[in-house]
Amino acid sequence: MAEQTPLRLIAEDSDDLTVISAAVQDAVIKAENFRYESRQRRFSLEINRFRWEEALGKPKRAPKTRIRSLLAFDGVLAVKTRGVSRADPDLVYSILNIEFEPNPEPPGGIVRLHFAGDGELALEVEVLDATLLDSDYEWTTRRMPEHERRRR
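Residues numbered from 1 in each chain as written. Predicted model: local features only at pLDDT ≥ 70, side-chain atom pairs only at ≥ 80, totals over all residues. Heavy atoms only, no water.

### What about the environment of P59?
Moving on, step 1. Following the sequence through the fold, P59 ends up in the loop between α2 (52–55) and β5 (64–74).
Moving on, step 2. Residue classification places P59 among the exposed positions, given a relative accessible area of 55%.
Moving on, step 3. Considered as a pair, P59 and A116 are 57 residues apart in the sequence and their alpha carbons are 26 Å apart. (Helix = DSSP H or I, 4+ residues; strand = E, 2+ residues; numbered from the N terminus. Buried < 20%, exposed > 50% of the residue type's maximum accessible area, 1.4 Å probe, protein only.)

### A few points about helix α1 (residues 14–24)
Each α-helix turn comprises 3.6 residues. Residues three or four places apart therefore point the same way.
Moving on, step 1. Among all positions in α1, only L17, I20, S21, A23 and V24 are buried. Buried residues in α1, looked at end-on, bunch into an arc of 160°, giving them a common side. Opposite the packed face of α1, turned more than 90 degrees from it, sit the exposed residues D15 and T18.
Moving on, step 2. Looking at the buried side of α1, the elements it contacts are β1 (8–11), β4 (42–50), β5, β7 (92–102) and β10 (130–141).
Moving on, step 3. The backbone nitrogen of D15 lies 3.1 Å from a side-chain oxygen of the residue at the head of α1, namely D13.
Moving on, step 4. D26 sits one or two residues past α1 and shows a positive phi near 75°. (Arc of directions from axis to C-beta. Contact = heavy atoms within 4.5 Å. Polar contact = N/O pair within 3.5 Å; in protein donor to acceptor, adjacent residues only side chain to side chain.)

### Remarks on the packing of aromatic side chains
Moving on, step 1. Enumeration according to the criterion identifies seven aromatic pairs in this entry.
Moving on, step 2. Through successive ring pairs, a cluster of aromatic residues spans F34, Y36, F43, Y93 and F115. (Phe/Tyr/Trp six-rings, centres within 6.5 Å; stacked < 30°, edge-to-face > 60°.)

### Focus: the pattern of salt bridges
Moving on, step 1. Evaluated as defined, the whole model comprises eleven salt bridges.
Moving on, step 2. Residues R51 and E53 are paired through a salt bridge, measuring 3.5 Å at the closest nitrogen-oxygen approach.
Moving on, step 3. Among the residues examined, E53 registers a relative accessible area of 32% and is labelled partly exposed.
Moving on, step 4. Through salt bridges with shared partners, a single network forms among R49, R51, E53, D134 and E138. (Salt bridge = Lys/Arg side-chain N within 4 Å of Asp/Glu carboxyl O.)

### Some thoughts on the environment of G83
Moving on, step 1. Relative to the assigned elements, G83 resides in the loop between β6 (76–82) and β7.
Moving on, step 2. Overall, the relative accessible area of 62% leaves G83 in the exposed class.
Moving on, step 3. Spatially, the C-alpha atom of G83 lies 8.0 Å from that of G117, the residues being 34 residues apart in sequence.
Moving on, step 4. The residues touching G83, leaving out its near neighbours within four places in the chain, are Y93 and G119.

Below you can see the structure in the form of C-alpha cells.
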C-alpha cells in the first residue's frame, strides 16, 4: 500500500477554500486549540482531520485515519463567535464547512467556519489567505463520520 502524502494546501479565492473545506469536513477540535494572534493578524486552529481522501473507496469496515493538522488564516482583522465558547474545556467541536463572503470592495471579506450544533466563527479578513498543513502525526480510527439523518 502506498504511503499517503500529507496535504499542503493554500487558498487565495473561494474555489481554493472549497477544496480546503472539503478536506477539513468532520475535523474535530477543542476550543483551547483556537488561537488568535492579533499583532500578527493570524487565526489558527490545531485540528484532528479525518482523511477523507484516503477513506473514500475503501470498504466501510477498513481502518481509517485521522491526522493532526494546522488550519491558519492570515490577514485577520477581527474574530466573532456564535455558539462557540472556551467555558467547557472538554467540549469537542466538529467542522461542517468553511465559506468566504467577499466584501463589496475586494479583496476583503468574512470567512465563516461552521460547526455541528450551530456554532460559528466569523473571521473578518483583509484578503483571503488560508493554509492547511498536515503533520506527520496520524492514527487509526474505527469510526467514519456519518451524515445520515437520525431515525425517530
